[in-house]
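# Structural overview
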Amino acid sequence: MAEERRGAWFGFGFCGFGQALGSGRGRQVHSPEPLRAPGAGLDVCRVSASWSYTAFVTRGGGRLELSGFAVGAAGGCRDAWASEELLVVLRAGPGPGAGTELQAWAPGSALRGEPLWAQTVPEAEREDGPGGDETQAGPLPLLPCARAYVSPRPPFYRPLAPTLRARRLELGAEHALLLDAAGQVFSWGGGRHGQLGHGTLEAEPEPRLLQALQGLTMAEVAAGGWHSLCVSEAGDIYIWGWNESGQLALPTKSLAEDGKTAAEASGLNEDGSEVKRVAGGEDGAPAPFIAVQPFPALLDLPLGSDAVKASCGSRHTAVVTRTGELYTWGWGKYGQLGHKDTTSLDRPCRVKYFVDKQLQVRTVSCGPWNTYVYAVEKEKS
């Protein structure tokens, strides 16, 4: 077996709280830059970004470093999940033979003193995610036993039905997505922006199967602030929810040309999407804008590229292709799209930096207003 090529992390977007993000100069980074990780020589394997701080976990001893509004460090960590309300850490328990412990901390605690709460995860129940690739996002907020997950709001520990064999779980601002062992997708929580994908704007108190995706095997799920995405085993992208900044790669009024305002008429398409039409299109006909897409919509990347990884920020989306290219779109105010500017886009656009540097992207992890990418050098032919 060929030796795995060692890669590097890159960051771009919002760093107004001093998050380790590229050079860290100013409040934003508009183009990918090598990660300026806290601590010299740290070999980062996992990144979890909240709005005001970022958590980095290293290989080997599993050192956790916080950067930004929250700072601190801890050892013996397997995984970390950052949110504004809660920092969750999976680490070796105290004392020999103590197993693995789930700890929840206040982000501003600097990981000192006692955690807000802690719970032992029995070693016999641990189920690591598929692939075993250290550059992948960890199972948190899904717990390793796959029978519960962590929420940033009480109750912090939330059980899942025993019938749900969870493989991955993603939390948006108001909703949750779950990918089960059979590749089916479930969603629940708030639905006012269509982010649940059930064709309505209603909330769902319990996990509900996405009927529109039945018969399709999914490999990835990603939850943005108020939008959702999944990637099938075949490499197809399905996306739904709020399109305010073009994060669904559908036409949106907020990105329309300035100065062309007119009376609006709203309605629904045959597929249930909410459409607003504004007079003043190029041919004089009303131009359609998609505000909400409550059903999963198939999205084609340029050149027919297949997707393998995906992540969503608050209002932006990032996808990695099978050939190692990165496409981003949606809200770009802080440079989180990586296109050297602050333009927002309602179509997938390839991040040229990695192409120009002959780098192959392996994974992407979006914070609310920034983006982290792990890439390796392309093999020389």
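From a predicted model like this one, the values you see are computed outputs, not experimental measurements.

This part takes up the nonpolar core. Note on soluble globular proteins: their nonpolar side chains tend to be buried together. In this structure, Leu326, Phe354 and Tyr372 are the most contacted members of the largest nonpolar core, which totals 27 residues. When residues of this core are traced back to their parent elements, those giving at least two are β1 (8–14), β3 (44–49), β24 (316–321), α1 (352–356), β27 (359–366) and β28 (370–377). Sorting elements by how many residues they give to this core places β28 first, with 5 residues. For Phe354, the contacting residues outside a window of four places in its chain are Phe10, Pro32, Leu326, Leu359, Val361, Val373 and Ala375. Judged by nonpolar contacts, the second largest core, of 17 residues, contains Ile237, Leu301, Ala310 and Cys312.

A separate point is the pattern of salt bridges. Scanning the entire structure with this criterion turns up 10 salt bridges. The salt bridge partner of Arg59 is Asp43, with a shortest N-O separation of 2.7 Å. Taken together, the residues span a long stretch of sequence, with Arg59 in the loop between β4 (53–58) and β5 (64–68) and Asp43 in the loop between β2 (28–34) and β3 at a distance of 16 residues. Its relative accessible area of 15% is what places Arg59 among the buried residues. A salt bridge links Arg350 to Glu325; the nearest nitrogen and oxygen atoms lie 2.8 Å apart. Within this pair, whereas Arg350 is found in strand β26 (residues 345–350), its partner Glu325 is found in the loop between β24 and β25 (326–330), the two being separated by 25 residues in sequence. In this structure Glu325 comes out as buried when scored by relative accessible area, which is 14%.

The peptide bond linking Leu140 to Pro141 adopts the cis configuration, its omega dihedral lying at 10°. As for its position among the elements, Pro141 is in the loop between β10 (117–121) and β11 (148–150). Between Pro154 and the following residue, Pro155, the backbone shows a cis peptide bond with an omega angle of -10°. With respect to the helices, strands and loops of the structure, Pro155 is situated in the loop between β11 and β12 (157–159). With a phi close to 60°, Leu111 is a non-glycine residue in the positive phi region. Its location among the elements puts Leu111 in the loop between β9 (100–105) and β10. For Leu111, a relative accessible area of 11% corresponds to the buried category. Phi is positive for Lys340, close to 70°, though the residue is something other than glycine. Along the chain, Lys340 falls in the loop between β25 and β26.

About the cut-offs
- In this numbering scheme, every chain counts its residues from 1 along its sequence in written order.
- Side-chain atom pairs in this predicted model are given and counted only at pLDDT of 80 or more, local residue features only at pLDDT of at least 70, and totals for whole chains, interfaces and linings cover all residues.
- To get the side-chain values, all heavy atoms of the structure are used, and hydrogens and water are removed first.
- Nonpolar cores are built from buried Ala, Val, Leu, Ile, Met, Phe, Trp, Tyr and Cys residues. Side-chain atoms within 4.5 Å join them into one set.
- For each residue, the accessible area found with a 1.4 Å probe, counting protein chains only, is set against the maximum for its type, and the residue is called buried under 20%, exposed over 50%, and partly exposed in between.
- Runs of H or I in DSSP of at least four residues are treated as helices and runs of E of at least two as strands, each being numbered from the N terminus.
- Contacts: residue pairs with any heavy atoms within 4.5 Å of one another.
- Note on definitions: salt bridges are taken to be side-chain nitrogens of Lys or Arg within 4 Å of carboxyl oxygens of Asp or Glu.

These values are about where atoms sit, not about what they do.
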